[in-house]
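Structural description and commentary
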Amino acid sequence: MKRIFLFLMTNIAILVLLSITLSLLGVEGILKENGSDLDLQALLIFSAVFGFGGAFISLLISKWMAKRMTGAVVIKSPANNLEKWLIETVEKQAKIVGIRMPEVAIFPTASLNAFATGASRNKALVAVSQGLLDTMNKGEIEAVVGHEMSHVANGDMVTLTLIQGVVNTFVIFFSRVIGHFVDRVILKNQRGHGIGYFITTLFAQIVLSILASTIVMYVSRKREFVADTGGADLAGHQNMIGALKRLGQVEPEALPEQMAAFGINDKKGFASWFSSHPPIEDRIKALENRALILDK
């Protein structure tokens, strides 16, 4: 779940940093002229501007974060025949799905995983783990690459960013409503905002961000089925099913969350609501059913 984890954690960090900075500068401007009541319209505009701003900043630095967090090394000149084949496979699939050639990288871990990220369809990064290259056959690797290329071609990172922007808007809005309530009702501060407001707002923003991430995770799970069919179309249903079966046999190493939504494999979390990927069994069943329909 490397892609989503990184994306979400980066987004939360950016929102917290923006909140602290704006609070210190005193530029929120969400109170009415009487200095006591909330200006809900101004607060909603403020929340939308910085909510979408935080999401798009996360998107713009997604490739840089992915490389740093995973140690992924972009293949500039293939060091062996397998790397050469990997580059050729990505190039072939890029032409089929109609996008520019993405950067191709390998990250050093024995786990079986892969992810795709980037600010747009034509400025993407596709990375696979060394363990995946060492374990899977070429047909299965091609299917995994096809899965990630489908994420890129379908613009899933941008889609999730827009959804994250909406989520951020409501997180910022309600965290400040909660902070205002605590400041006025519990702490009895009648004008301006005191330190209690800022602490409560920051705490509420972090908690609400974590809870609201279930919405992003839900969309991510739905997009995984679409990416699986894309991988099957590019490399064959049996190769995609075989790759998923092999992934289901091992315990994957956790990927940084911002990249999780765009990884091929993911751990089952303590709650399915916080999982960026559907169960492997469900994904295999969906592909098997699709293959049967297409064969008729």
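Parameters at a glance
Residues numbered from 1 in each chain as written. Predicted model: local features only at pLDDT ≥ 70, side-chain atom pairs only at ≥ 80, totals over all residues. Heavy atoms only, no water. Helix = DSSP H or I, 4+ residues; strand = E, 2+ residues; numbered from the N terminus. Polar contact = N/O pair within 3.5 Å; in protein donor to acceptor, adjacent residues only side chain to side chain. Salt bridge = Lys/Arg side-chain N within 4 Å of Asp/Glu carboxyl O. Buried < 20%, exposed > 50% of the residue type's maximum accessible area, 1.4 Å probe, protein only. Core = buried A, V, L, I, M, F, W, Y, C linked by side-chain atoms within 4.5 Å. Contact = heavy atoms within 4.5 Å.

Below, the discussion takes up the side chain of T70. Mapping T70 onto the fold places it in helix α3 (residues 62-70). Among the polar contacts listed, one links the side chain of T70 to the backbone oxygen of A66, at a separation of 2.7 Å. A polar atom in the side chain of T70 sits 3.2 Å from the backbone nitrogen of A72.

This part is about the pattern of salt bridges. Within this structure, the stated rule accounts for nine salt bridges. Note that D156 is salt-bridged to R223, the shortest N-O span being 2.9 Å. In this pair, D156 sits in helix α7 (residues 156-186) while R223 sits in helix α8 (residues 195-235), placing the two residues 67 residues apart along the sequence. Given the relative accessible area of 24%, R223 is considered partly exposed. In this structure, R290 and D233 form a salt bridge, with 3.1 Å as the shortest nitrogen-oxygen distance. Of this pair, R290 sits in helix α10 (residues 280-295) while D233 sits in helix α8; the two residues are 57 residues apart in sequence, bridging distant segments of the chain. Connected through shared salt-bridge partners, K63, K67 and E103 make up one network.

Position of S62 among the secondary structure elements: in helix α3. S62 gets classed as buried once you look at its relative accessible area, which sits at 2%. At 2.7 Å, the side chain of S62 and the backbone oxygen of L59 are in polar contact. Looking at S62, its side chain comes within polar contact range of the main-chain nitrogen of G118, at 3.5 Å.

Looking now at the nonpolar core. Ranked by internal contacts, the top residues of the largest apolar core, which has 35 residues, are L86, V128, M136 and I141. A total of seven residues in this core trace back to one element, the largest contributor, which is helix α6 (residues 138-153). In this view, I141 contacts W85, L86, L132, L133 and M136; residues no more than four positions away in its chain are not counted.

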